[in-house]
Every structure is written in C-alpha cells, then in structure tokens.
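Below, each chain spelled out in residue letters.
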Amino acid sequence: MSGVPQSNPQKTFYLETFGCQMNVHDSEKVVGTLIQEGYRQVEAVEQADLILYNTCSIRDKAEQKVFHRLADYKKLQAQGKKFGVLGCVAQQEGEKIFERAPHVSLVCGSASYNKLPDMLVKLEGVSGALPPETPRAARKDAALRDDAFIEPETGVGSIDAHPAKTAQGGAASALADRAFGPMDSRGRLSPHQTGNLVRITGLDDRQTDKCFETEFTARTNPHRGYITIIEGCDKFCAYCVVPFTRGKERSRTSESVLAEARQIADLGYSEIQLLGQNVNSYKDPAGKQSFAELLAAVGEVPGIKRVRFTTSHPRDFGRDIIEAIDAVPTLCDHVHLPVQSGSTRVLDAMQRLYSREQYMERIAWMKSAKREISITTDVIVGFPGETEADFAETLGLLDEVGYDGVFTFKYSPRPNTPALGLEDAIPEEEKSRRLEVLMARQREIQIARYRKYIGTRCEVMVEGHNEARGQWIGRTSHNKTLNFTADQAPKIGTYAQVQVTGSFPNSLLGEMVV
Ligand code: 5AD
Ligand code: SF4
C-alpha cells in the first residue's frame, strides 16, 4: 500500500476477495483506488462503513458463498453500513442482486472499476440505506438458491483459478439503465434512489478496449508484484462464464507492461507474475512484442529474480515460450497448462480448440527444455456426456504427463453457457466418484514426483514463518512449497539455499544451507 495518500481516514471499507489471481489483483487496484478517494481499509466487517465483496462465479458454489456472506452481515445495515458487490457475480447477476440482497447499494463489474471514484461519490451522497421489504418471490428464490450448494472442488498442487462474471450483461445493464437512471453527460453512472435505498450499477463496459490500469495499486504481497497484461476471454469454452463476465480479450501495450515491471522492481519487488485469463493469448496492441518476447523482456528487468505467468491456454502455447524459458534464467520453470480432459471427444464438446495430441505436443516441448519444467493443470470431471472411457483417457493423461499439481473440478452448469443445453448430464454422485478416483491417482503421482527432490538443493524465496512448527516457508522456482529449518533466521522476501530432506504429496521439507 506504499505511497498512497490517505486524505480522509474517517471513511472506512472492508473488502473480501473470492476467486482467482486476477480477482486478487483487481482487489489490489480497487483498494488503491479507494485509499486514493480517502478511504481507510479495515480488517473486520464491523469496523467498516462500506463492505465490499469482489466475487467469483466460475462455479455455482463460489457464487453462493457471496450471497451467504451478504446474508450473514445484513443486520449491520441498521448501523448505516453500505454493501457493494464487485466482480464476476456482479456482472453476471446485475440488478438481480438488489432483489436477492436488498441491502446492497453498489453492483459493479470489473470492466467498470475505473468508474469507482464516481460511484463512491454518489454512494456517499446518500445516507445509510433502509431498503424496502424483499419481495416474496425474491425471498423464495434466495432461499432456494442458498440451499443449492455443490461440493467443493479440490486441488492437488498449487496455482490459481480463472475469474468470472457473467452474461445477460447486455440485457441486465439495459434494464439497469431503465430502472436506475442513465449515465450523465460525462458518461458517469447515475444512482437511483427509492426512498432511502440507493442503487448504483457499473455493468456496461465489458466491450471496452481499455484494461483497468491505475497508478494507485495497493499491492498486498510485499514481494510478488502482479501485472495484468491481458483481460477478458474470446475462447468461449462451452462450460465457462468468463467470456460473459470479463468481456472480450484486450491486451495492454508491451511498453506499459514493461514500465510497470520497472516500477515494481524499483519498489523492491523481486518477483513478478504476469496475469491474464489466457495470458499467452497476449497481443501487443502496438504490435511490438509477442508474449514470449514480453516474457523475456520482463525477465531482464534489473532487480527481477523471478517471473511467473498464469494462466496459459494450450491452443496459443507456442514453442517460443519454452525457448524464452531456456534463454532467460529469471523465468520460472513452471507452466500451468489447463487440459480439462484427456479425451479429444470431450475436448471437442467443451470447445477447447485443441485435441489430446496437440496438448501432448506442448507437453513434449516442455519436456525437451534445458531445465526441468514443472507442469500443473486443471481438470473438469463429469462434463455432460463424459463416458467411463473418456474419463479413463483423462486418468491415462495424468500418468503420461506426470503433473506436479492438478486442480480438479466437478462440472458445474453455469448460466448462459452453451453446455447448459447439452444432454447426458452426469449425476452428482458419479461426478464425486470420478473426482475421488482422479485425486487418488494424482496423489500417487505427486508422492513419487516430490520424492525425487530429496537430496537436491533448491533456491527458495522465503515467504513466511510457521511459529508453531519452527519452520520457514519457502517457494521454489518450480512453484513448490519447501518448508525448512534454519540456524540463522532468514529475512522474509530474501532467497535462501535449502537442502531437501523430506517430501509429502504437496510440499517438501528441508534445511537451509549457510
Ligand atoms: N464447472 C467446473 N469447472 C469449471 N471451470 C471453469 N468453469 C467451470 C465449470 N462451469 C474450471 C476450469 C478452469 C478452472 C479455473 O475452473 O478447469 O480451468
Ligand atoms: Fe473460460 Fe475457456 Fe476462456 Fe479459460 S479459455 S477463461 S476456460 S472460456
């Protein structure tokens, strides 16, 4: 949060973030913007004037979580606190959020964050909202949907998830305009007030060419700086809400990315993570650099010791990325390449734009790299029509690739996505069974893979200290957690050499070498 003025520490906000790395970084920008507008961030909902949730709608479960949170704290509205929903659920549900959670005053999708300062002014212009009774139908709907929890997805490994926000954007925002008043002559959003209830929406900008860039990013990780290089997604996988919620793909110029990388390095960060829904679909609007060239250039910024990037799409994964990793030692030897399924038939139904063979070709490139590249992935089980044979192909693919981490998800039907219309839904119990089988197989693979590190020496970035265990927490270039003991306390954020002495399915154990 360095260097950001706090002009009026009286106004306070609380922000909770759900979902992927993109959302985490969006929140850093939102926090920076709010601080610039005179707000102070607080740690507890009870201390805040404004309570914000930056939401994820990639799966139903993630979406329901937000409505649970809103319901939990509804009572605080009587104290004049205001509630806002940002991010993917905001974009997806639009003004319907006001029906399900009438104490919400602000609904804003990620493409409209640059309008937040205006929205805040409007929000402040009205006193604490006392909304009318929730209509009976909406209450019933909320109750029904609150029950509709799905089991949590699971992961064996590391990494992040995609963000999400959704569709009916056009229709919802048109509706919102009618209900809540249009933009004013400066393109600002107008609030609509019904009695004491104020409702402000920012949902209209998913087609914008601009990425949300702000000089006020409040970076929450003191050592790893996130840089969004591309926003949105044009791929439209059959199961996914992201293209609807995050809008069309748009990249920043390589010049502005490099300027931010240099700025981050000057601030003392030694690790940079480049972010995008499909980070490797990056296209420099100025036409200067390819993704691989930009990656290499960021890796050469003085002071930067590690560069990561996530998430890559297999269709756009070129060999030049591996060549960049080979050529530039600061580029971490880890690639997250979501496969989703090992069956070409299912990949086709998912509209993933590649076959199993094409995916495996990318894996072969990685395996021929000079350094051993750690590979992680995402898998969805139970996509409509997935047969036992398809599932067996996915299990076989896990063996063939030898992943260091797999994030596993049960298919969750999402609004407006093409897969909603598909027949042959897989029963919930069968999805759960496949998930268990897949995780058990991957666990065995990881036990073997992690064991191979015993006896080797790894450089880690020291990320934290576990008092209870008397261990330091480190992260390798491969993106593995390496917990270690040290005779002399290392400084957080520095790099240490660690001798690996033990392994678990998800982490390594070691001793610092002086
Ligand atoms: N159901 C289940 N998993 C999904 N993902 C995206 N959409 C869905 C869905 N509707 C998973 C994909 C993606 C990860 C971030 O979330 O595996 O790579
Ligand atoms: Fe979703 Fe597919 Fe785009 Fe990834 S590539 S964000 S899974 S639509």
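My aim in this report is to walk through the structure given alongside it, one point at a time. (Residues numbered from 1 in each chain as written. Chains lettered and ligands numbered in written order. Predicted model: local features only at pLDDT ≥ 70, side-chain atom pairs only at ≥ 80, totals over all residues. Heavy atoms only, no water.)

As for the overall build of the protein
No. 1: The number of helices and strands found in the protein is 15 helices and 21 strands.
No. 2: Out of the 514 residues belonging to the protein, those deemed buried represent 58%.
No. 3: In the protein, the proportion of contacts linking residues at least 24 apart, taken out of those at least 6 apart, comes to 78%.
No. 4: Surface summary for the protein: the accessible area is close to 20,600 Å², and the carbon and sulfur share equals 50%. (Helix = DSSP H or I, 4+ residues; strand = E, 2+ residues; numbered from the N terminus. Buried < 20%, exposed > 50% of the residue type's maximum accessible area, 1.4 Å probe, protein only. Contact = heavy atoms within 4.5 Å. Areas by Shrake-Rupley, 256 points an atom, 1.4 Å probe, with all protein chains shown as cover.)

Observations concerning the packing of aromatic side chains
No. 1: One pass over the structure, following the stated rule, counts seven aromatic pairs.
No. 2: Ring centres of Phe18 and Tyr53 lie 6.3 Å apart, and the angle between their planes is 45°; this geometry places the pair in the tilted category. Of this pair, Phe18 sits in the loop between β1 (11-17) and α1 (21-36) while Tyr53 sits in strand β3 (residues 50-55), placing them 35 residues apart in sequence.
No. 3: Overall, Phe18 belongs to the buried group, its relative accessible area being 8%. (Phe/Tyr/Trp six-rings, centres within 6.5 Å; stacked < 30°, edge-to-face > 60°.)

Quick notes on the environment of Thr310
No. 1: Within the element layout of this structure, Thr310 appears in strand β13 (residues 306-310).
No. 2: Along the primary structure Thr310 and Leu337 are separated by 27 residues, whereas in three dimensions their C-alpha atoms are 8.5 Å apart.
No. 3: Polar side-chain contacts of Thr310 include one of 3.0 Å to the side chain of Thr311. (Polar contact = N/O pair within 3.5 Å; in protein donor to acceptor, adjacent residues only side chain to side chain.)

A few points about the sheet that holds strand β19 (residues 481-485)
Pairing between sheet strands relies on hydrogen bonds along the backbone, with the strands arranged either parallel or antiparallel.
No. 1: Pairing is mixed around the closed barrel formed by five strands, whose spatial order is β17-β18-β19-β21-β20. Sheet twist, expressed as the average angle between the axes of neighbouring strands with direction ignored, equals 50°.
No. 2: For β19 and strand β21 (residues 507-513), the ladder comprises five bridges, and the chain directions are parallel. Paired with Asn483 across the two strands is Leu509, which belongs to β21. (Pairing = 2+ DSSP bridges. Axes fitted to C-alpha atoms, helices over the stretch in contact; angles between N-to-C directions.)

What about the nonpolar core?
No. 1: Among the nonpolar cores identified, the biggest contains 56 residues, and Ile229, Leu274 and Phe309 are the most heavily contacted of them.
No. 2: Leaving out residues up to four positions away in the same chain, Ile229 has contacts with Arg250, Ser251, Arg252, Val257, Leu274, Leu275, Val279, Tyr282, Phe291 and Leu294. (Core = buried A, V, L, I, M, F, W, Y, C linked by side-chain atoms within 4.5 Å.)

Things to note about the pattern of salt bridges
No. 1: Throughout the structure, instances matching the rule amount to 35 salt bridges.
No. 2: Asp333 is the salt-bridge partner of Arg371, the closest N and O atoms lying 3.8 Å from each other. You can see Arg371 sitting in the loop between α13 (356-367) and β15 (374-381) and its partner Asp333 sitting in the loop between α11 (319-327) and β14 (334-336), a full 38 residues away along the chain.
No. 3: Take Arg371: its relative accessible area is 24%, and that puts it in the partly exposed class.
No. 4: Looking at Asp333, the relative accessible area reads 9%, which means it is buried.
No. 5: Across the pair Arg356 and Glu400 runs a salt bridge, and its minimum N-O distance is 2.9 Å. (Salt bridge = Lys/Arg side-chain N within 4 Å of Asp/Glu carboxyl O.)

Looking at helix α15 (residues 428-451)
No. 1: Between its first and last C-alpha atoms α15 spans 34 Å; for 24 residues at 1.5 Å apiece the expected length is 34 Å, and the two agree.
No. 2: Along α15, the residues classified as buried are Glu430, Lys431, Ser432, Arg434, Leu435, Leu438, Gln442, Ile445, Gln446, Arg449 and Tyr450. (Expected span 1.5 Å × (residues − 1).)

As for unusual backbone geometry
No. 1: In this chain, Thr310 is followed by Thr311 through a cis amide linkage whose omega measures 0°.
No. 2: If you check the backbone angles, Phe236 has positive phi at about 55° while not being a glycine.
No. 3: On the secondary structure map, Phe236 appears in the loop between β10 (230-231) and α8 (242-246).
No. 4: One non-glycine residue, Asp424, lies in the positive phi region at around 65°.
No. 5: Relative to the helices and strands, Asp424 is located in the loop between β16 (405-410) and α15.
No. 6: Under the relative-accessibility criterion, Asp424 is labelled exposed at 57%.

Structural notes on the pairing of strand β17 (residues 457-466)
Within a regular beta strand, the side chains point alternately toward one face of the sheet and then the other, so they alternate between its two faces.
No. 1: Examined bridge by bridge, β17 and strand β20 (residues 495-503) share five bridges and lie antiparallel to one another. Each bridged residue has a counterpart across the sheet, and for Glu459 the counterpart in β20 is Gln497.
No. 2: With six bridges joining them, β17 and strand β18 (residues 471-476) adopt antiparallel strand pairing. Bridge pairing links Met461 to Arg475 in β18.
No. 3: Where β17 folds back on β18, the antiparallel hairpin that results is connected by four residues, among which Gly470 adopts a positive phi of roughly 65°.

Here we look at the sheet that holds strand β9 (residues 224-228)
No. 1: On the basis of which strands lie adjacent, the open sheet formed by three strands has the order β9-β12-β13 and parallel pairing. The outermost strands of the open sheet, each flanked by one partner alone, are β9 and β13. Strand-to-strand, the axes of this sheet are offset by a mean angle of 20°, without reference to chain direction.
No. 2: In the sheet, strand β12 (residues 271-275) pairs with β13 via five bridges, with the strands oriented parallel. Bridge pairing in β13 places Leu274 opposite Phe309.
No. 3: Where helix α9 (residues 254-266) meets the sheet, its contacts fall on β9 and β12, and the angle it forms with β9 comes to roughly 165°.

Some words on the environment of Ala425
No. 1: On the secondary structure map, Ala425 appears in the loop between β16 and α15.
No. 2: The exposure class assigned to Ala425 is exposed, which follows from its relative accessible area of 65%.
No. 3: Considered as a pair, Ala425 and Pro384 are 41 residues apart in the sequence and their alpha carbons are 4.5 Å apart.

A word on the side chain of Ser343
No. 1: Locating Ser343 in the fold gives a position in the loop between β14 and α12 (344-349).
No. 2: Of the residues examined, Ser343 reaches a relative accessible area of 0% and is grouped as buried.
No. 3: Those residues in contact with Ser343 that sit more than four places away from it in its chain are Asp390, Glu393 and Thr394.

In short, shape yes, function no, at least from these values alone.
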